[in-house]
Amino acid sequence: MVFHAIGMWLLAAAIPLWIYRWYVFSKLDARERKIFKRIVKRRHENAYAFALQMFGYLIALAAAVILLVMGLRYIKQGSLEFGAYRDVMRNRLYSGVEPIDQALDAYHYDQMLPIAIITTCALLSVAFTLVATALRDVSLMSRLNRKLDGMKQRQEALN
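Residues numbered from 1 in each chain as written. Predicted model: local features only at pLDDT ≥ 70, side-chain atom pairs only at ≥ 80, totals over all residues. Heavy atoms only, no water.

## What about the overall build of the protein chain?
Then comes step 1: Regarding its fold elements, the protein chain presents six helices and zero strands.
Then comes step 2: Each helix and strand of the protein chain, placed in order from N terminus to C terminus, yields the pattern α-α-α-α-α-α.
Then comes step 3: By residue count, 26% of the 159 residues in the protein chain fall in the buried class.
Then comes step 4: At a minimum sequence separation of 6, the contacts of the protein chain that also span at least 24 residues come to 78%. (Helix = DSSP H or I, 4+ residues; strand = E, 2+ residues; numbered from the N terminus. Buried < 20%, exposed > 50% of the residue type's maximum accessible area, 1.4 Å probe, protein only. Contact = heavy atoms within 4.5 Å.)

## What to know about the side chain of Ser 125
Then comes step 1: Position of Ser 125 among the secondary structure elements: in helix H6 (residues 113-158).
Then comes step 2: Look past the residues within four positions of Ser 125 in its chain and what remains in contact with it is Ala 51, Met 54, Phe 55 and Leu 58.

## So, helix H2 (residues 30-43)
Then comes step 1: An ideal rise of 1.5 Å per residue puts 20 Å on 14 residues; H2 measures up with 20 Å between its terminal C-alpha atoms.
Then comes step 2: Buried within H2 are the following residues: Glu 32, Ile 35, Phe 36 and Val 40. For H2, the angular spread of buried residues about the axis comes to 130 degrees, placing them on one side. More than 90 degrees from the buried face of H2, the exposed residues found are Ala 30, Lys 34, Lys 37, Lys 41 and Arg 42. (Expected span 1.5 Å × (residues − 1). Arc of directions from axis to C-beta.)

## Some points on the nonpolar core
Then comes step 1: Judged by nonpolar contacts, Val 24, Phe 25, Leu 28, Ile 35, Phe 36, Val 40, Leu 140, Met 141, Leu 144 and Leu 148 together constitute the single largest core of 10 residues.
Then comes step 2: At the level of elements, helix H1 (2-27), H2 and H6 are the ones that each hand at least two residues to this core.
Then comes step 3: Counting residues per element, this core draws most heavily on H6, which supplies four residues.
Then comes step 4: If near-sequence neighbours (up to four positions away) are discounted, Ile 35 is found in contact with Leu 144 and Leu 148.
Then comes step 5: Met 70, Leu 113, Ile 117 and Cys 121 belong to the second largest nonpolar core, which has six residues in total. (Core = buried A, V, L, I, M, F, W, Y, C linked by side-chain atoms within 4.5 Å.)

## Regarding a nonpolar patch on the surface
Then comes step 1: A cluster of nonpolar side chains, namely Ile 15, Ile 19 and Trp 22, defines an oily patch on the protein surface of about 360 Å² accessible area.
Then comes step 2: When you line up the elements, Ile 15 lands in helix H1. (Patch = residues over 30% accessible without salt bridge, like charges linked within 9 Å, V, L, I, M, F, W, Y side chains within 5 Å. Areas by Shrake-Rupley, 256 points an atom, 1.4 Å probe, with all protein chains shown as cover. Salt bridge = Lys/Arg side-chain N within 4 Å of Asp/Glu carboxyl O.)

## Thoughts on the confidence of the model for the protein chain
Then comes step 1: Looking at the protein chain, pLDDT values average 82 and 84% of them are 70 or higher.
Then comes step 2: By mean pLDDT, the top-scoring element of the protein chain is H1 (88), and the lowest-scoring one is helix H4 (residues 85-88) (60). (pLDDT = per-residue confidence, 0-100.)

So this is what it looks like as structure tokens:
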């Protein structure tokens, strides 16, 4: 449940960050946009590759934790059972809107535990990638503006 809440908060934070990113990008002139796109393309990791890499790490971490918990359960009870996510997690994250809550029940809480863990890892990967990419782009655009302003001031001082 904690990871669902983190994922939802990250998704909520991504919305204003991307709006601000598009606002800052719209303030750039054509030359600055071209420079920004070239820098992102050449120097920074592709966002899709980053998301897939993060998803892989989260799946590996979740698999290690599941194996540990199942191993301890087998030692204690002598059985390995995979139930629905609903049986494992008693607390749930609900929005209060009936259609959304029914969809959450059907597509997440009623799923088998491994499937629910995979969807949680996917949510976290996508949400963190959206936030990290927006922050990276805003930071890069502000540094680009500072460098170009410094170059303009030096150019004016020489003239």
